[in-house]
Each structure stands twice: as structure tokens, then as C-alpha cells.
Amino acid sequence: MRIRRFRARKKWSIRSLFSGWNLKKLALLVLVLGILVFSSLVVYGAFFLPSVKQAEQLAFAESTIIYDRKALDPTEDPNEHILYVIHGDENREYVPLEEISPWLKKATIAIEDDKFYHHFGFDVGGIVKAVLAQVGIGRKRGGSTITQQLVKNAFLSRERSFERKFNELILSVKVEWSYTKDEILELSLNKIPYGNNAHGAEAAAKTFFGKSARDLTLAESAILASMPVAPTRFSPYGSNKNLLMGYAAPDNPNCPSGWCKGRKDLVLQRMHELKMITFEEFKQAVNESKEIKFTQLRTDIKAPHFVFYVRERIEEKYGTEFLKQGGLRIFTSLD
């Protein structure tokens, strides 16, 4: 009788996949795919996205107008019912980086992008944390670097989409390739909207403190660095001034020191944590900030508290840049 012998099937395992020739083939495949993806990104960035070589390409804004309710009446002239115009013609005075207070540079980096001098356009860790925060893991935070913010404000549209975010990342790398870190910081500090139509550090320093950006103190710098995240919400002239400056609350259990912190206190605290300032400088700036007087707001504005409320709601829903540069016509219920 003949006995049939069956050859045992070779068992597949992870170890067999990553051994011998399989490992070499896998490494080659990953290398080829990596080269293809990198080449595609280079071609896409070079031919399908704006050039970042010329700083003059920075975009300018179109005015947004807030009206009262009678502006919708066809028998009325809308121009007679304007509450406030958010100027598209940005109030800006460009100054070189060396003419901006070193305190403002440090404060901006501390609160916006503490790894600014160590990344190449975007912070992978920051992006991951921002995504996790959206699903309730960790505190809410932004994932954009200073470079990304410059790209978003200067070279891209205001739409919120995956494609725009992808373009933002590619352009951020292009900007980092084309400019030094100090040049990027200079462009950014001259582009940032601080509120009240003040764009850039020089205009903001003159608007809020009546002085040049080179003369800003540590406390004043911390206040300015607090504003760009939400210029209307953290305006020193609106009804939410306490959110920016903090306030004395000796009977508030949530403020055990008797002082409820404002955003400028968080900026100073972050600077101290990053060892940008000493504890003595921190204490001195906190005390100084409690005595700061802002220059008087000079603007043709009707019903200012109501207007600031409307601006804040629009800003929360559509973003600061869309509010300032979208050319909106906002009709309110105010009589």
C-alpha cells in the first residue's frame, strides 16, 4: 500500500514577514512610496500654491459694516444707519524686528508657539494635541505655529476646509525654506491683528499705549500678546476687559489669591514657566499691569457695547480674520 505524504503548509507569521528578503522588499517599498509622496508635495507646492518669496504679497482687507435694523428699510438710506465700520484698509506701520520690544517677541512666542525656533513650519505634537482636544481629551488649544498663522493671514483664503489646512502646512514649509526664523517673526509681528483696526505691533502699541513698539514694557507686551487669539473678546475697550486684565475678587473661591487671572496673567505665567523671565520680573509685571491706563478710544462708533457684542459673536462663529477681511454686511436688531 502506498502511503501519501502531505507537505505541511508553511505557517505565516509576523516574524516571517520581517525576515530576510521580505524585510528588504518592505524597506524598498516604503522608500519608493516616500520618494513619490515627497516628490508630489514638492511639485504641488512649487506649481499650484502661491509664491512666498515676496513679502508684498501679503493680503489686504475689505471693510465690514455693521448696521442698525432700519438699514433694511427700502425707504431709508443704509449709510444713515451705520453703527460701525471695520476698516479693510488696515492700520499698519511696518517696523523691523530690532525696533520691536524684546519682551513682545518673547511674550508672543511663549503664548503662541513656544517651539518656534525648533520646528520647520508646523508642530506635529501641537496638531495632535489640538485634534485630541476637539474630542474632549486635554485642554482646548490651537495647533497652529507662528509660521502657519502668517501663512493663513497672508497667502490663503479664509475658508475652513481640509484642503486649506493642507495648503497651509505646505506653504508653511515653503516659508520656512525661504526666510530665516527672525524674518518670519518680523513678518508675523507686522501682520498680526490686535483689534481696533490696529495691525502689527507698532500700530497696536500706539493705539493702546500711545508709544512705539520698541518702548513696550514687559507688562504691556504681555497684554498685546494676549489679544490676537480673539481681538474683540480680549479688547481693553469692550465689556470683557476683565477677561484680558483680570480683576480683584477677594470672596471668590475660584480665585484663592483674591485675584482672578486674566489672559495677560497667563501669558506672564507661561513666560516664567519657559524661563524667559525671572520670578521677580514676573511679580513686577503683574503689579504693573494692574495700574496700566489705556489710551482713550477714538473712533466713530455708535452703541459701542452692543457693537462689541455683535463683533464677538461673529468672531466666535466665523473667526477673527473672516470678520476683519470678509467684506461682511451685518444687519442687527438694534433700533
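Counting from 1, residues in each chain are numbered in the order their sequence is written. Given that this is a predicted model, residues contribute local features only at a pLDDT of at least 70 and side-chain atom pairs are listed and counted only at 80 or more, while totals for whole chains, interfaces and linings are drawn from all residues. Here the side-chain values reflect all heavy atoms present in the structure, with hydrogen atoms and water set aside.

Caption draft 1: Examining the packing of aromatic side chains more closely. Here a pair means two rings of Phe, Tyr or Trp (six-membered ring of Trp) with centres within 6.5 Å. Their orientation is stacked below 30 degrees between planes, edge-to-face above 60, and tilted elsewhere. Throughout the structure, instances matching the rule amount to six aromatic pairs. A centroid spacing of 6.4 Å and a plane angle of 85 degrees characterise the contact between Phe120 and Trp177, whose relative ring orientation is edge-to-face. In this pair, Phe120 sits in the loop between α3 (102-112) and α4 (124-134) while Trp177 sits in helix α6 (residues 162-178), placing the two residues 57 residues apart along the sequence. Relative accessibility thresholds used throughout: buried, under 20% of the residue-type maximum; exposed, over 50%; partly exposed, between the two (1.4 Å probe, protein chains only). Accessibility expressed as a relative area gives 43% for Phe120, which makes it partly exposed. On the numbers, 5.8 Å between centres and 25 degrees between planes, the contact of Phe208 with Tyr237 is stacked. With Phe208 in helix α8 (residues 201-209) and Tyr237 in the loop between α9 (218-226) and α10 (241-245), the pair connects residues that are 29 residues apart, well separated along the chain. Each member of the pair Phe208 and Tyr237 is classed as buried. The side chain of Lys181 reaches across the aromatic face of Phe116, ending 4.7 Å from its centre. A ring is considered to have a charge above it if a Lys NZ or an Arg CZ atom is located within 6 Å of its centre and within 35 degrees of its normal. Residue placement shows Arg263 over the ring face of Phe234; its charged tip is 5.6 Å from the ring centre. The secondary structure listing takes helices from DSSP runs of H or I that are at least 4 residues long and strands from runs of E that are at least 2 residues long, numbered from the N terminus.

Caption draft 2: View of the state of the cysteines. Pairs of cysteine sulfur atoms within 2.5 Å are identified as disulfides in what follows. A full pass over the atoms with the stated rule returns one disulfide. Put simply, Cys255 and Cys260 are joined by a disulfide, and their sulfur atoms are 1.8 Å apart. Here Cys255 and Cys260 share a disulfide; its torsion about the S-S bond, 95 degrees, makes the bridge right-handed.

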